[in-house]
Amino acid sequence: MAGQLLINLIPGETTLHKLTGTTKVRFFIVLLVFIIMSFDIRLLLPLCILGIVGLLSMKPNWKVIKYFFIITGVMNLINIFLFWLVDPDCGAIWCGGGSTVLYQFSGRFIITAESIWYLSVRFLKMMTSLVISMVFILSITPSEIAAGLYSIKVPYKICTIFSMAFRYIPDIARDFDNIKISMQVRGVELDSKKASFMTRIKQYVLILVPLIISSFDRVGNIANAMDLRGYGKGKTRTYYSEREEQKADKAAKILYCGLFLFCIYWIITKNIMPQPSKMWYPFS
Amino acid sequence: MKKESTLKTILGVWNTKTVIAMAIGAALFGVLMNFGGITIFTNTKLTTAMIIPVIVGSMFGPVPALVTCTVGNTIADLIGGWGFWFDWSIGNGVLGFIVGLLPLYGAKINDGIFKLRHAVIYVIACVIGNAFAFGVVTPILTTVFYGGELNVTFVQSLTGGIANVLVLTVIGIPILFALAKRNARNTNLTLDK
């Protein structure tokens, strides 16, 4: 289980890895706003390409990532298909009225150019969000997330939850394996060839209960250890993983500040003020 | 025993112990969300992670349960790698809050009090919590964030909600009884005269 984790626990070597946690978290939040705020292909496509370039520059393990991309891609395609099933003419309200029928299955199920446009932009939006999240996840370590969140004024107790939760995941994996082995010794069959699917599910619940209870039993010990080291006494906190800003961080800072201002401008002019159509459609 | 104010019960006590419990809860939530569930519909899972807020809520109060769920879902997104779904994270947080209201209606797991009456209220709270979190909060946020088609989100919410209620009642209630019994072991002593 621990081998399947996507997030790194050790900082990497490439330029994107070497940015500070503050930069990564702030940049990521601005980019999320950027993705969420619009359905405009002129904004989404460049970001998607930049995201892929960023992903390539980190030299990730493609075998693992490919799997995530396929799963999420299929999931989103099914979603899009459901959207079309629910309302085949969904593009009309998005592209400012009018629907150019390309093909007609029956009275209700039609394919319109607007719907294709809307659904493909939507798919692009979801995939861009995936690419950007992937870049963020692969470039950051849990301690840097905590440091970055602290830099945007999140209370440090919540930051601790983030970094500590990730520290704890290998322990969960180890406990799970131990409990599983001791259950198997007592005759609980977990082999997929010998036990049916339903019995295996029941037996996994049997493993789960001791796992959860033993994990929560450890709360007292860890809390005492941290109290002894003076956790929670000060009002502020500094992070070991937070380094001094390098040149790349300063450049990134200018970039995300500019992008943030652009987002505010876009939301005020395009999202709050009424528009003739909800998205940019070139063929109307 | 000193009676605590309602507000304090809701907020929980934010000492080191609570922070660690939330961290462990969030870690378990994230792991179970990824490895302890079966996908039943797009974006929806029959997941055993849902019992974590019950335990955190019963021991530490609703707001810690809310934080556990929100952070836990974000962690699940981080290790799962399917992109971030903050609408669902916040929906789960709201659900965690409502499910974690246990101490408010007298089910004190720490003192070993969990009776049939509490179980009934708990089930009702689960149903209402799911209906509110995934029927109101998540669809609204989905529309705000992604401009989603509401019908699809509602189908997702409905399947997710039913799955959650199932997990919360079928696994949650036995665990709550077991925890209460464990903690009550030493408190039913009577004074011998």
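Cut-off values and rules
Each residue is numbered by its place in its chain's sequence as written, counting from 1. Whichever chain is written first becomes A and whichever ligand is written first becomes 1, with later ones labelled in order. Local features in this predicted model are restricted to residues of pLDDT 70 or higher, and side-chain atom pairs are both shown and tallied only at a pLDDT of 80 or more, whereas totals for entire chains, interfaces and linings draw on every residue. Calculation of side-chain values draws on the structure's entire complement of heavy atoms; hydrogens and water are dropped beforehand. A helix here means a DSSP run of H or I that spans at least four residues, while a strand means a run of E at least two residues long, and both kinds are numbered starting from the N terminus. Contacts between residues were defined by any pair of non-hydrogen atoms, one from each residue, lying within 4.5 Å. All accessibility values rest on the Shrake-Rupley procedure with a 1.4 Å probe; residue burial counts only the protein chains present in the view. The aromatic pairing rule takes the rings of Phe, Tyr and Trp, using the six-membered ring of Trp, and pairs them if the centres are within 6.5 Å, calling planes under 30 degrees apart stacked, those over 60 edge-to-face and the rest tilted. Between buried and exposed lies partly exposed: a residue is buried under 20% and exposed over 50% of the maximum accessible area for its type, with that area taken using a 1.4 Å probe on protein chains only. Two limits define a charge over a ring: the Lys NZ or Arg CZ must be within 6 Å of the ring centre, and within 35 degrees of the ring normal. Among buried residues, the Ala, Val, Leu, Ile, Met, Phe, Trp, Tyr and Cys ones that are joined through side-chain atoms within 4.5 Å form a nonpolar core. Throughout the structure description, domain borders are defined by an automatic or database domain assignment. Note on definitions: angles span 0 to 180 degrees between N-to-C directions of axes, and those axes are lines fitted to C-alpha atoms, for helices only across the stretch in contact. Working rule for angles: under 35 degrees goes down as roughly parallel, over 145 as roughly antiparallel, 65 to 115 as roughly perpendicular, anything else as oblique. By convention the crossing between two helices is left-handed if the near helix lies anticlockwise of the far one by an angle smaller than a right angle, and right-handed if it lies clockwise. By arc we mean the arc of the directions from the helix axis to the C-beta atoms, nothing more. Buried area: the accessible surface (1.4 Å probe) lost by two parts on joining, summed over both. The working definition used for a salt bridge is a side-chain nitrogen of Lys or Arg within 4 Å of a carboxyl oxygen of Asp or Glu. Each polar contact in these results corresponds to two N or O atoms within 3.5 Å; when the atoms are within protein, one needs to be able to donate a hydrogen and the other to accept it, and residues that are neighboring in sequence are counted only if both atoms are side-chain atoms. Put simply, Ala, Val, Leu, Ile, Met, Phe, Trp, Tyr, Cys and Pro go in the nonpolar bin, Asp, Glu, Lys and Arg in the charged bin, and everything else, Gly too, in the polar bin. At least two bridges found by DSSP between two strands is the condition for calling them paired.

1. Quick look at the overall build of chain B
Regarding its fold elements, chain B presents eight helices and two strands. Secondary structure elements of chain B occur, N-terminal to C-terminal, as α-α-β-β-α-α-α-α-α-α. Taking the intrachain contacts of chain B between residues at least 6 apart in sequence as the baseline, contacts between residues at least 24 apart amount to 73%. Carbon and sulfur atoms make up 70% of the accessible area of chain B, which totals about 7900 Å².

2. What to know about the packing of aromatic side chains
Residue and element names in this part refer to chain A. Inspection of every chain in the model, using the stated rule, returns eight aromatic pairs over all chains. Centroid distance F262 to W266: 5.9 Å. Interplanar angle 45°. Geometry classified as tilted. Within this pair, F262 and its partner W266 are both found in helix α11 (residues 247–272), separated by four residues, close to a single helical turn. With relative accessibility at 30%, the residue F262 sits in the partly exposed group. With relative accessibility at 10%, the residue W266 sits in the buried group. Following the ring pairs from residue to residue traces out a cluster consisting of F34, F262 and W266. Against the face of F39 rests K125, its NZ or CZ located 3.9 Å from the ring centre. Residue placement shows R237 over the ring face of Y239; its charged tip is 5.7 Å from the ring centre.

3. As for helix α7 (residues 142–151) of chain A
Owing to its 3.6 residues per turn, the α-helix aligns residues three or four sequence positions apart on the same side. All names here are of chain A. Of all ten residues making up α7, eight are buried, and the element is well covered by its neighbours. The complete set of buried residues in α7 reads P142, E144, I145, A146, A147, G148, L149 and S151. Where α7 ends, the next residue or the one after it, K153, has phi of about 70°, a positive value.

4. Remarks on the nonpolar core
Side chains of nonpolar character tend, in soluble globular proteins, to be buried together. Within the largest apolar cluster, 126 residues are counted, with the highest numbers of intra-cluster contacts made by F166 and I212 of chain A together with Y122 of chain B. Split by domain, the residues of this core number at least three in each of domain 1 (1–141 + 243–284) and domain 2 (155–240) of chain A. Apart from the residues lying within four places of it in its own chain, the contact partners of F166 of chain A are I7, P142 and I145 of chain A together with I75, L78 and I79 of chain B. Ranked by size, the runner-up nonpolar core spans seven residues in total, among them F68, M134, V135 and L138 of chain A.

5. Details of the packing of helix α8 (residues 156–185) of chain A against helix α9 (residues 197–217) of chain A
Residue and element names in this part refer to chain A. Contact geometry for α8 and α9: axes closest at 10 Å, N-to-C directions at 130°. Accordingly, the angle class assigned to the pair α8 and α9 is oblique. Of the two possible hands of crossing, α8 and α9 adopt the one that is right-handed. Counted together, Y168, I172, D175, F176, I179, K180 and M183 of α8 and Y204, L206, I207, P210, L211, S214 and S215 of α9 form the full contact between these two elements.

6. Concerning unusual backbone geometry
Residue and element names in this part refer to chain A. A positive phi is found at K59, a non-glycine position, where the angle reads about 50°. When you line up the elements, K59 lands in the loop between α3 (41–57) and α4 (62–86). Phi is positive for K153, close to 70°, though the residue is something other than glycine. Overall, K153 belongs to the exposed group, its relative accessible area being 72%.

7. Describing helix α10 (residues 219–228) of chain A
Residues and elements named next belong to chain A. Within α10 the residues assigned to the buried category are V219, A223 and M226. For α10, the arc enclosing every buried residue in end-on projection is 65°, short of the 170-degree limit, so these residues lie on one face. Across from the buried face of α10, at angles greater than 90 degrees, the exposed residues are N221 and L228.

8. Quick look at the domain arrangement of chain A
Under the domain assignment used here, chain A contains domain 1 (1–141 + 243–284) and domain 2 (155–240). The C-alpha-based centres of domain 1 of chain A and domain 2 of chain A are spaced at 33 Å.

9. Some points on the interface of chain A and chain B
Accessible area lost upon the coming together of the parts serves often as the stated size of an interface. Counting residues at the interface gives 59 residues for chain A, matched by 54 residues for chain B. Buried surface at the junction of chain A and chain B, both sides included, amounts to about 4700 Å², of which 82% is carbon and sulfur. At the junction of chain A with chain B, the criterion picks out zero salt bridges. Counting every contact that joins chain A to chain B gives one residue pair in polar contact (both at pLDDT 80 or more). When contributions to the side of chain A that touches chain B are tallied by element, the ones reaching two or more residues are α2 (21–37), α4, α6 (113–139), α8, α9 and α10 of chain A. In terms of residues, the side of chain A that touches chain B owes the most to one element, α8 of chain A, which gives eleven residues. In terms of residue class, the side of chain A that touches chain B is built from 45 nonpolar, eight polar and six charged.

10. Looking at the side chain of T22 of chain A
In this structure, T22 of chain A sits in helix α2. When residues no more than four places from it in sequence are discounted, the contact partners of T22 of chain A are G148, S151 and E242 of chain A.

11. Focus: the pairing of strand β1 (residues 101–104) of chain A
On a regular strand, one side chain projects to one face of the sheet and the next to the other, so that they alternate. Residue and element names in this part refer to chain A. Relative to strand β2 (residues 110–112), β1 runs antiparallel, the two sharing three bridges. Note that in β2 the partner of V101 across the bridge is T112. Count of turn residues in the β1/β2 antiparallel hairpin: five residues.

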